[in-house]
Structure formats: structure tokens, C-alpha cells
Amino acid sequence: MPEHTPAPTPGRAIYGFALYLLFQTLFLLYVLWAFVPTVWFDRLGLTYLPDKYFALFVPILTLVAVTLFAFLVYPSLGLAMMPDVDERTTVADGNSIVRCEFRFPDGLCCQQRVETPLERGWNVRRHCAKHSTRQGAVETQRTVRVANFCDCPYEGQCLLRKDPEYLPTLRSKDPIPAVSDLSLSQVSRTLYHRRGR
């Protein structure tokens, strides 16, 4: 089987020229039918032609159909195929690259790619397979969890940090949800209310 190609061939040139002549002829006949008075056609014996009303009705109907499709049907199909606003696929997919957040004692990061980080929805895996079971990863996750709590409004008023029971007290407070734990609708609603104030 020869490979399909859009390049011009002799056969396509012949068919294209024939179609060009056909549509030029049909357009000329349409213009004649639309502008020549019906009496002249009756004298020639052409009494079975459609009413001149269709000379305007068909093009207008075609334009209305194209307009409805372009501004109503086509966008509606696009919206119907879109995922929900709260779906993670609106911001990330299987090709998203998430780097391992494991930190070595000297402060360097692993930076290895985390495979399937979004397999559990918005809960992004923070560590690669190599470091996900290590003690350091657990400590890093615990530190991230503590960072989600608010212990004081201003840095100078944080007297609680001198207390040895600081971390247990901090963990007993209600956590401030991280952005990754919120749905997109909650985030947009929060931003909208803050902007309104």
C-alpha cells in the first residue's frame, strides 16, 4: 500500500479542477435564479423552480446554524468534556514532575523524581521510593505537619517556644489546612472573599 500523502498528484489535480468548475457553475446558476425575474423563466418553460424566498432563506439559515454551533454547541461540548473544577487533572496529569523532598543531614535535597505522586488525589507524595520508608522522611513529614499550625500572630509574641511542651501543645491545636489539601473551589472562594474585603 502506498503511503497516504497530502501532496498534489495528477488525479487530485483533475478532480480539484472539475470540482472548481462545478461549484463556479452552480454559483452562477444560483445568482441567475436569485436575480432574474420569474417571468423570464416562465417564458423559457422553467415553471418548476423553487420560490425566490429560498434564495435568502437558505443562506440566512446556514449562517444562523453556523453561529449557533460556533457560540453555543461547540463551547458546550468543550465544557462537557472538561473535568470537574475540584479534579487534580485540571492542574496536573501523569506527566507532572514532582521531585523528592528528602533532605540529607548536610542540607542537600534528593531531587529524584517521585513516581505517580498524585495517585491518591490531592495528597502529593513528598518522597521518592528510596526515601519514603527512611526515618528522615518521617521527620520531614512531621516538620511539615507542624508548619501547618499557627502558634502566635507575631514573631515577637511567641513566648510558647521556650516551653518544653511546645510541640505537643502546638500539635493539639486545630491545623491550618495546606493549599494542597483544599479543593480548588475552596481556594477560589477564599481568595474571592479576601479580595472582597
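Rules used in this analysis
Residues numbered from 1 in each chain as written. Predicted model: local features only at pLDDT ≥ 70, side-chain atom pairs only at ≥ 80, totals over all residues. Heavy atoms only, no water. Helix = DSSP H or I, 4+ residues; strand = E, 2+ residues; numbered from the N terminus. Buried < 20%, exposed > 50% of the residue type's maximum accessible area, 1.4 Å probe, protein only. Contact = heavy atoms within 4.5 Å. Areas by Shrake-Rupley, 256 points an atom, 1.4 Å probe, with all protein chains shown as cover. Core = buried A, V, L, I, M, F, W, Y, C linked by side-chain atoms within 4.5 Å. Patch = residues over 30% accessible without salt bridge, like charges linked within 9 Å, V, L, I, M, F, W, Y side chains within 5 Å. Salt bridge = Lys/Arg side-chain N within 4 Å of Asp/Glu carboxyl O. Polar contact = N/O pair within 3.5 Å; in protein donor to acceptor, adjacent residues only side chain to side chain.

Asks: Explain the overall build of the chain here, please?
Replies: Per the secondary structure count, the chain includes six helices and zero strands. The order of α-helices and β-strands along the chain, N terminus first, is α-α-α-α-α-α. Within the chain, buried positions represent 14% of all 197 residues. Contacts spanning at least 24 positions in sequence make up 39% of the contacts within the chain whose residues lie at least 6 apart. Per element, the accessible surface of the chain, about 16,400 Å² overall, is 64% carbon and sulfur.

Asks: I tried to follow the nonpolar core on my own but got confused; where do I start?
Replies: As a rule of thumb, nonpolar side chains are buried together in soluble globular proteins. Residues Val98, Cys100, Phe102, Cys110, Val114 and Cys128 constitute the largest nonpolar core, which totals six residues. Residues in contact with Cys128, not counting those within four places in the same chain, are Cys100, Cys110, Gln112, Arg113 and Val114.

Asks: Looking at this model, I keep getting lost on a nonpolar patch on the surface. Mind explaining?
Replies: On the surface, Leu56, Ile60, Val64, Leu68, Phe69, Leu72, Val73, Tyr74, Leu77 and Met81 cluster together into a nonpolar patch covering about 1,100 Å² of accessible area. In this fold, Tyr74 is placed in helix H3 (residues 53–81).

Asks: When you look at the side chain of His127 in this model, what are you seeing that I'm missing?
Replies: Note on placement: His127 falls in the loop between H3 and helix H4 (135–147). For His127, a relative accessible area of 3% corresponds to the buried category. Within the structure, the side chain of His127 is placed 3.5 Å from the backbone nitrogen of Phe102, a separation counted as a polar contact.

Asks: Where do I start with unusual backbone geometry in this structure?
Replies: Most peptide bonds adopt trans geometry, and most residues besides glycine take a negative phi value. With a phi close to 65°, Gln111 is a non-glycine residue in the positive phi region. Checked against the element boundaries, Gln111 lands in the loop between H3 and H4. With relative accessibility at 44%, the residue Gln111 sits in the partly exposed group.

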